[in-house]
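Residues per chain are reported as follows:
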Amino acid sequence: MAATPAPLPTTKAALEALLREKRLQAEAPPLRGEDRRRRRVPTGQAEIDTLLEGGFPRGRLSEVHGPVSSGRTGLVLALLARTTRAGALAALVDPLDRFDPASAGAAGIALARLLWLRGPRGESEEPRPRALAEATAAVGTLAGSGLFDVVILDLAGVADRERRRLPVTTWVRLQRTVEETETALLLVADRHVAFGPRGVSLAVARTGLRWSGPPGPGRLFAGLGARVSAGRHAPRSAEVAFAASDA
């Protein structure tokens, strides 16, 4: 059931009932006395995990931002694949309904351990007026449940004017919701949105494309290179390559 897309809005009562189902609970409990909040959530990309000193911090609001075809999707898919293959649960809130389960499965994501909440598919690329408010409410419920190692809100493609309709306290509220949990909360967007105290801000920029075979009409896209920078004022960076199935 975790891999079956659910439309937004999802009522709070129905969502909470779903979260209480035993089959959605993580299978491996922490060791006695262990504070899992000290253990970061790795992305599965060695260069990025080194840059982040192990991965995304738990109990914090972080972000990944970059333009289209920059590698941000590859980073997110790698994170979801690493998380779900390790036996943990992840959740993706997708108000524009852009997630592709087939590509996700090809990237190694265990779809049975991913809860996907998507917005209604329509002719317009813009979310309907209340879609973002409903999406952030769903994120708050998921992040506050404590059942997921990673909760992602995908804002890529959402126009700035739509995002700015959200109350200015939205990101503060989400940070406060997640800070006492073991969940890493992540925003994905075209440009910088927000991150919490001791959270991570990753900027992704494409550095080049890779092709199979010699130049010519018969060559295939093999992947892309990206520069991932951490921090807003004194950023540190790492170079990473994403395969075509991830990019």
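Engineer: Which residues make up the overall build of the chain, and what values do they have?
Structural biologist: A count of helices and strands for the chain gives seven helices and nine strands. The buried share of the chain, taken over its 247 residues, is 48%. When contacts within the chain are restricted to residue pairs at least 6 apart in sequence, long-range pairs at least 24 apart make up 70% of them. A total accessible area of about 12300 Å² is found for the chain, and carbon and sulfur atoms account for 52% of it.

Engineer: Quick rundown of the pattern of salt bridges? Include the residues and the values.
Structural biologist: Taken as a whole and judged by the stated rule, the model has seven salt bridges. Salt-bridge contacts for R58 lead to D149; the nearest nitrogen and oxygen are separated by 3.3 Å. Placement of R58 in the loop between α2 (46–51) and β2 (60–65) and of D149 in the loop between α5 (131–145) and β5 (150–154) is noted, with a sequence separation of 91 residues between them. Overall, the relative accessible area of 8% leaves R58 in the buried class. For the salt bridge of R191 with D160, the shortest nitrogen-to-oxygen distance reads 3.2 Å.

Engineer: Kindly report on the packing of α5 against helix α7 (residues 170–178), identifying the contributing residues and their values.
Structural biologist: With their axes 8 Å apart at the nearest point, α5 and α7 run at an angle of 15° to one another. As the angle between them shows, α5 and α7 are arranged roughly parallel. Here α5 runs over α7; the crossing is right-handed. Together, T136, V139, G140, A143 and G144 of α5 and T170, W171, R173, L174, T177 and V178 of α7 make up the contact between the two elements.

Engineer: Could you give me a rundown of the pairing of strand β3 (residues 90–94), with the residues and numbers involved?
Structural biologist: In terms of burial, β3 is a largely internal element, five of the five residues being buried. Every second residue of β3 is oriented toward a common face, with A90, L92 and D94 on one face and A91 and V93 on the other, all of them buried. Across five bridges, the pairing between β3 and strand β4 (residues 114–118) is parallel. For V93, the partnering residue across the bridge sits in β4 and is L117. With respect to chirality, the unit in which β3 leads through helix α4 (residues 101–106) into the neighbouring parallel β4 is right-handed. Two elements, β3 and β5, share four bridges in a ladder whose sense is parallel. Bridging from a neighbouring strand, L92 pairs with I152 of β5.

Engineer: If you had to explain α7 to someone new, which residues and values would you point to?
Structural biologist: Counting along an α-helix, one turn takes 3.6 residues, and residues three or four places apart therefore face a common direction. Within α7, burial applies to T170, W171, L174, Q175 and V178. Buried residues along α7 cover an arc of 130° about the axis, so they all sit on one side. Looking at the buried residues of α7, the elements they touch are β2, α5, β5, α6 (160–163) and β6 (184–189).

Engineer: I'd like a description of the packing of aromatic side chains, backed by residues and values.
Structural biologist: Inspection of the entire model under this criterion finds one aromatic pair. Centroid distance F99 to W116: 5.2 Å. Interplanar angle 65°. Geometry classified as edge-to-face. Of the two residues, F99 sits in the loop between β3 and α4 while W116 sits in strand β4, which places them 17 residues apart along the sequence. Of the two residues, F99 and W116, neither departs from the other in class, the shared state being buried.

Engineer: Could you give an account of the side chain of T183, with specific residues and numbers?
Structural biologist: Within the secondary structure layout, T183 lies in the loop between α7 and β6. Judged by its relative accessible area of 0%, T183 is buried. Filtering out sequence-adjacent residues up to four positions away, T183 remains in contact with R58, G59, R60, A143, G146, F148, D149, V150, V151 and V178.

Engineer: I'd love a proper account of the side chain of S70, names of residues and values included.
Structural biologist: In this fold, S70 is placed in the loop between β2 and α3 (72–85). For S70, a relative accessible area of 1% translates into the label buried. Of the polar contacts made by the side chain of S70, one reaches the backbone oxygen of P67; its length is 2.7 Å.

Engineer: Can you explain the pairing of β6? Please cite residues and give values.
Structural biologist: Summarising burial for β6: six of the six residues are buried, a large majority. Side chains A184, L186 and V188 of β6 all project onto a buried face; the interleaved residues L185, L187 and A189 project onto the opposite face, where all are buried too. Across six bridges, β2 lies against β6 in parallel orientation. Bridge pairing in β6 places E63 opposite L187. The pairing of β5 with β6 spans five bridges and is parallel. In the strand pairing of β6, L153 is matched with L187.

Criteria and thresholds
- Residues numbered from 1 in each chain as written.
- Predicted model: local features only at pLDDT ≥ 70, side-chain atom pairs only at ≥ 80, totals over all residues.
- Heavy atoms only, no water.
- Helix = DSSP H or I, 4+ residues; strand = E, 2+ residues; numbered from the N terminus.
- Buried < 20%, exposed > 50% of the residue type's maximum accessible area, 1.4 Å probe, protein only.
- Contact = heavy atoms within 4.5 Å.
- Areas by Shrake-Rupley, 256 points an atom, 1.4 Å probe, with all protein chains shown as cover.
- Salt bridge = Lys/Arg side-chain N within 4 Å of Asp/Glu carboxyl O.
- Axes fitted to C-alpha atoms, helices over the stretch in contact; angles between N-to-C directions.
- Parallel < 35°, antiparallel > 145°, perpendicular 65-115°, else oblique.
- Left-handed = near helix turned anticlockwise from the far one by under 90°.
- Pairing = 2+ DSSP bridges.
- Right-handed = clockwise from strand over helix to strand, strands pointing away.
- Arc of directions from axis to C-beta.
- Phe/Tyr/Trp six-rings, centres within 6.5 Å; stacked < 30°, edge-to-face > 60°.
- Polar contact = N/O pair within 3.5 Å; in protein donor to acceptor, adjacent residues only side chain to side chain.

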